[in-house]
Structure formats: structure tokens, C-alpha cells
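Each chain, letter by letter, is given below.
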Amino acid sequence: MKAIKDKHPLIVRWTHWVNFPILAIMIWSGMLIYWANDEYSITLFGHTYVRFFPDWYYNLLKIPQRLAEGMAFHFLFMWFFALNGIFYVLYTIISGAWRQLLPNQDSFKEAWLVLLHDLHIRKTAPPRDKYNAAQRIAYTAIIIMGFGSLVTGLAIYKPVQFNWLCWLCGGYHLARIWHFVLTIGYVLFFLIHVIQVILAGWNNFRSVVTGFEVVNELPAEQKIKRRNFISFAIFGVYVAGTYAGWRWLYKSPDETPGITAGAHKPLRKALNKTELFFRRLTFNESHLVKTYPRSMAAKKIRHNSDIGSEGELPPEYWKLQVKKISGETLQITLDELMKLPKTEITYDFKCVEGWDQISHWEGVSFGDFMAHFKLEAESRMEYVGMETPDQQYYVGIDMPSALHPQTLLAYQMNDELLDGNHGQPLRLIIPVKYGIKNLKRIGTITFSNSRPRDYWAEQGYDYYSGL
Ligand SMILES: Nc1nc2c(c(=O)[nH]1)N[C@H]1C(S)=C(S)[C@@H](COP(=O)(O)O)O[C@H]1N2
Ligand SMILES: [Mo]
């Protein structure tokens, strides 16, 4: 008599256990990000039916004001999410397990019977191999969903460098909606999964941990007892280790103040490495930001924070200060800049908080500016630093992004000179970066080979912030 039946190989169990904390962290950090601009709702004919989520929900979970933290976690754990998924898929391919997992011709019909059976409407259980038809469909769907999350995530993360992915997802907006819908899908999948495991009972749960199913509980064999014990011990160590790892990460001190700060040290390290990876892999100055017809530009341009650029500045008080590496400082008036060739752009401005808006800007391309003022030696430096006249707001930009053909020193929007809300008299428009880098009211420009100080990088945001 056979008392045990091997059910779940170690690799399968392992990838599943690991996936729990990863997915939990991805969803949690996703909500920290999402809070910043809760724009998703189901609106039909002007009436909003569902708003994800009400304020009490955010307050309950203590989510508000933690965007930078959410991004840091999200962009670290996306690696584990991807690697674990790839690992699992490779395993099913190599081992041949996919044959039991992929739906076949009859699966969709049978899945219906499974549902009727599960709901106690139909008495006889439909035929099953290792997995029944409904399981085959669900387990395949979840892999496709995971893949979808990666693709849509990358499309949102780097919409310029991965513009083809963005296009494939139906554009930036749809990519975001898909990304969100998939998350809701995981939550539902998870709930159903847990309910089914509970319904299936202890024996089933044990097989998830130990890998084998006791088919016939005969006088417990020594062998089974030993395997049970070892498996549960390992599982216990794993759960404790995961918790300890989480505590360590979560409690690790913030980076000491400096060029970058405000983020837990290990997270900051990962964030830097991830950004460098994508910057090296994907940044290409011939990747242009998608532009739109002029008519699509907003008439009223959204106004965000204006640290260091509040109100109007009497024009006679302003000159652009350009600090050359020779030590000399150029003082440039707006009139001089306006005499240079004019470049315009209508594109989708993106704030890291999640809102975006198509807007129209006019000014001097940064490349033209550098050439005109003969800043050749400067353009060979690694970074450009810009600060407001009062030095309250400041950004650091890598030179390749600054010299990207769509980067502008803008003095106009919608054919009018910039107003006090939008950086009068001169601001940076750098479409390959998030809004945080688009400094309003440029006072000074400097060049260096080390990273210039950056207002939001000091608050836990990524230094590069490229799109
Ligand atoms: N001087 C200055 N520039 C700034 C900011 C600021 O607070 N001060 N905020 C940045 C952020 S976070 C965004 S999203 C954009 C917003 O630009 P807008 O107000 O023209 O929409 O400006 C950026 N430039
Ligand atoms: Mo922003």
C-alpha cells in the first residue's frame, strides 16, 4: 500500500513561498506610490461609481506622504518578482510540468463543470489530471498576468526609453490602468486561493509545505514523520527569516545627509544600481519623447509646488549666471536667449506623483545654448547643476539627458512669457525626466563631474529620475 504521493517538487514550493512576501511588498509599495495621485475611478456618463480608495482607507494603512519610500521598495522588489517568475517558468518548461499546467482544448468546457461542482450544483467531479481544468486556466492566467505586470510596469517606468513597450500597452495611460487592474486581479486570485486552501483542509496545506500528500493515513510511518518534521522546520526558518529580513530592511537607518538621503541605506543602494542599470542599458538620445499636435496642449497649465520660484520676479533683477569651469561667470539676459533659434515642444509632462498633462513650451534647446556660448569644455563634464536665484530649489542633471535634443531652457508656454507660477522668466523643460527635475526659475547653471546637489534626491527620491 502506498501511503504517500509526491505532489509538489521543492522548486515549485520554493517559488511559491518566496512569491508571497514579494507580492505583498509590491502591492503595499504600489499603494504608497498610488496614494500620491489616486486618479483611478470608474466613471460612466459623468457619474463616479467606484473610487479606489476612500481617504479613511489610506489613513488606516498610514499610506499618505510616503511616495519616495514606495518607489524605493517597488523598484527593488520588482527584480525579485521578475526573477522568481522567470525561474518558475523555466522550471516548468525544462521539467515538462507545463504539460499539466497549460489548458488544453477541453479545459474551458471542463472548467465550467469544475465551477458547478465546487458550488455543489453538480454532483460528480469532472475528470482531472494532476490539476483540473479550472486550475490549469488559473495557473496559466497568473503567469500571463505576471508577465503583463512586468511589461506594463516597464512601460510606465521608462515610457521614453521603452516607447515601443508603451505603444504596445496602448500608451502611457492604458499601461497604468492595466498595471492597476492586474494588481486587483492578484488580490482576487490570492483571496480565492486562500479560501480554497482552507476548504481543502489540513492535509492539503501540509502538502504545500512538505511536498507530499498522505493518501492513506496508516500507522504513521517513521519516514513520513521525519519528512514532515524537516519540511516544517525549513518552512518555519523561512518564515522567520523573511520576517527578520523585512525588519532589517525596514529598520535600517536612512542614508546620512549628502547628495542623496532620506531613504533606507540598502534601498538607496539598490535604487542607484537599478537606475544606473537602466540608464546604461536604455538611455539613447535618439529616443525621443512622444510629441502631440499643438492643439492638444492644455490651455491652463497645471501648477505644482514652487519652492524658490514663488510669485513674479521683476525682470530687471534677473540674469542667468553660467559658471564656466575656468572660473569665469557669464551673465546672460533673457533678450539674448530669445534671439537664439527657438525650439518648441508639445508633450506629456509627467510629475512623479502620478499626474501628467500635455503642455506646450518654447525656448532655446540646451544643446543650442551650449554651442552658442561656446561651452564645449563644459559639455564634456558629467553633470549640469541648476539652482533658483535664492538657492532654495536645485537639481542635478546628467549631461546626456541635458543634451538630449528635446531639453529646453524655456521662456514661453502657449506663446506667452512664463508667469510666476511656471518659473518666470526661465525654466528647465526636460522631457526625459520627471517634473521634479524641471526646475522653475533658473538662477545659476554650473558644471561638474560629481553629482550636484538635488532637492528631491535629498528627500529619498531617485537621483536620476529619468523616463
Ligand atoms: N523652483 C521650483 N521648480 C520646480 C518645483 C519647485 O517646487 N520649485 N517643483 C517641481 C515639480 S515637483 C514639478 S511636478 C514641476 C511642476 O511644474 P508646473 O508647476 O509648471 O506644473 O516643477 C518642478 N520644478
Ligand atoms: Mo512633481
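**Considerations on the site of ligand 1**
Phase 1: For ligand 1, the set of nearby residues contains 20 residues, the closest of which are Arg302, Ser305, Ile307, Arg427 and Lys440.
Phase 2: Measuring from an oxygen atom of ligand 1, one finds a side-chain N or O atom of Ser305 at 2.8 Å.
Phase 3: Between ligand 1 and the protein, one listed contact pairs a nitrogen atom with a side-chain N or O atom of Ser309 at 3.4 Å.
Phase 4: Protein chains bury 98% of the 530 Å² of accessible surface belonging to ligand 1 in isolation.
Phase 5: For the shell around ligand 1, the residue count by class is seven nonpolar, nine polar and four charged.

**Here's the deal with the pattern of salt bridges**
Phase 1: Summed over all chains, the structure comprises 11 salt bridges.
Phase 2: Residue Glu387 pairs with Arg453 through a salt bridge whose shortest N-O separation is 3.0 Å. Linking Glu387 in strand S9 (residues 383-387) with Arg453 in the segment after strand S14 (444-448), this pair joins segments that are 66 residues apart in sequence.
Phase 3: Residue Lys437 pairs with Asp454 through a salt bridge whose shortest N-O separation is 2.7 Å. With Lys437 in the loop between strand S13 (427-429) and S14 and Asp454 in the segment after S14, this residue pair connects regions lying 17 residues apart in the sequence.
Phase 4: Taking relative accessible area as the criterion, Lys437 reaches 1% and is therefore assigned buried.

**A closer look at the pairing of S9**
Phase 1: Burial runs high along S9: five of the five residues are buried.
Phase 2: By the alternation rule, side chains of S9 split into Tyr383, Gly385 and Glu387 and Val384 and Met386, which are all buried.
Phase 3: In this structure, the hairpin formed by S9 and strand S10 (residues 394-398) is closed by a connection of six residues, where Gln391 is found at a positive phi of approximately 60°.

**Here we look at the environment of Val364**
Phase 1: Among the secondary structure elements, Val364 is positioned in strand S8 (residues 356-365).
Phase 2: Spatially, the C-alpha atoms of Val364 and Leu340 are 6.6 Å apart, while their sequence positions differ by 24 residues.
Phase 3: Setting aside residues up to four positions removed in sequence, Val364 forms contacts with Leu337, Leu340, Pro341, Phe369, Thr407, Leu408, Leu409 and Tyr411.

**Overview of the nonpolar core**
Phase 1: Within the largest apolar cluster, 102 residues are counted, with the highest numbers of intra-cluster contacts made by Leu320, Leu337, Trp361, Phe369, Met386 and Ile445.
Phase 2: When residues of this core are sorted by domain, at least three fall in each of domain 1 (3-251) and domain 2 (291-459).
Phase 3: Leave out the neighbours within four places in its chain, and Trp361 touches Ile301, Thr343, Glu344, Ile345, Tyr347, Leu408, Ala410, Gln412, Met413, Leu418, Arg427 and Ile429.
Phase 4: Residues Val12, Tyr88, Tyr91 and Leu101 belong to the second largest nonpolar core, which totals six residues.

**Concerning the packing of helix H9 (residues 202-210) against helix H10 (residues 222-251)**
Phase 1: Remark: H9 packs on H10, axes separated minimally by 9 Å, with the N-to-C direction vectors making an angle of 70°. On the basis of their axis angle, the class for H9 and H10 is roughly perpendicular. Of the residues in H10, those touching H9 at Trp202, Phe205, Arg206, Val209 and Thr210 are Arg227, Asn228, Ser231, Phe232 and Phe235.
Phase 2: Looking at the contact of H9 with H10 residue by residue, the class counts come to five nonpolar, three polar and two charged.

**Quick notes on H10**
It helps to recall that an α-helix has 3.6 residues per turn; residues three or four apart then point in one direction.
Phase 1: Taking 1.5 Å per residue, 30 residues should reach 44 Å; H10 reaches 43 Å between its end C-alpha atoms and fits that length.
Phase 2: If you check which residues of H10 are buried, you get Ile224, Asn228, Ser231, Phe235, Tyr238 and Leu249.

**Section: the pairing of strand S5 (residues 320-323)**
Phase 1: On S5, burial follows the alternation: Leu320 and Val322 on one face are buried, whereas Gln321 and Lys323 on the facing-out side are not.
Phase 2: In this structure, the hairpin formed by S5 and strand S6 (residues 329-332) is closed by a connection of five residues, where Gly327 is found at a positive phi of approximately 105°.
Phase 3: Strand direction decides the pairing type here: S5 and S14, joined by two bridges, are parallel. Bridging across to S14, Gln321 finds its partner in Thr444.

**Notes on helix H1 (residues 10-35)**
Phase 1: The end-to-end C-alpha distance of H1 is 38 Å, a good match for the 38 Å that 26 residues give at a rise of 1.5 Å each.
Phase 2: Of all the bends in H1, the largest measures some 30° and sits at Asn19, one to four residues before the proline Pro21.

**Regarding the domain arrangement of the protein chain**
Size of an interface: often given as the accessible area lost when the parts come together.
Phase 1: As far as domains go, the protein chain holds domain 1 (3-251) and domain 2 (291-459).
Phase 2: Using C-alpha coordinates to define each centre, domain 1 is positioned 44 Å away from domain 2.
Phase 3: Facing 12 residues of domain 1, the contacting portion of domain 2 comprises 11 residues.
Phase 4: In total, domain 1 and domain 2 occlude about 850 Å² of area from one another, counting both sides; carbon and sulfur atoms represent 54% of this.
Phase 5: At the boundary of domain 1 and domain 2, one finds one salt bridge.
Phase 6: Among the salt bridges present, the one from Asp356 reaches Arg176, with a minimum N-O distance of 4.0 Å.
Phase 7: Our count for the contact surface shared by domain 1 and domain 2 stands at two residue pairs in polar contact (both at pLDDT 80 or more).

Reading the values: the criteria
- Residues numbered from 1 in each chain as written.
- Chains lettered and ligands numbered in written order.
- Predicted model: local features only at pLDDT ≥ 70, side-chain atom pairs only at ≥ 80, totals over all residues.
- Heavy atoms only, no water.
- Near = heavy atom within 4 Å.
- Polar contact = N/O pair within 3.5 Å; in protein donor to acceptor, adjacent residues only side chain to side chain.
- Areas by Shrake-Rupley, 256 points an atom, 1.4 Å probe, with all protein chains shown as cover.
- Nonpolar A, V, L, I, M, F, W, Y, C, P; charged D, E, K, R; others polar.
- Salt bridge = Lys/Arg side-chain N within 4 Å of Asp/Glu carboxyl O.
- Helix = DSSP H or I, 4+ residues; strand = E, 2+ residues; numbered from the N terminus.
- Buried < 20%, exposed > 50% of the residue type's maximum accessible area, 1.4 Å probe, protein only.
- Pairing = 2+ DSSP bridges.
- Contact = heavy atoms within 4.5 Å.
- Core = buried A, V, L, I, M, F, W, Y, C linked by side-chain atoms within 4.5 Å.
- Domains from an automatic or database assignment.
- Axes fitted to C-alpha atoms, helices over the stretch in contact; angles between N-to-C directions.
- Parallel < 35°, antiparallel > 145°, perpendicular 65-115°, else oblique.
- Expected span 1.5 Å × (residues − 1).
- Bend = angle between axes of the 7 residues up to and from the residue.
- Buried area = accessible area lost by both parts, 1.4 Å probe.

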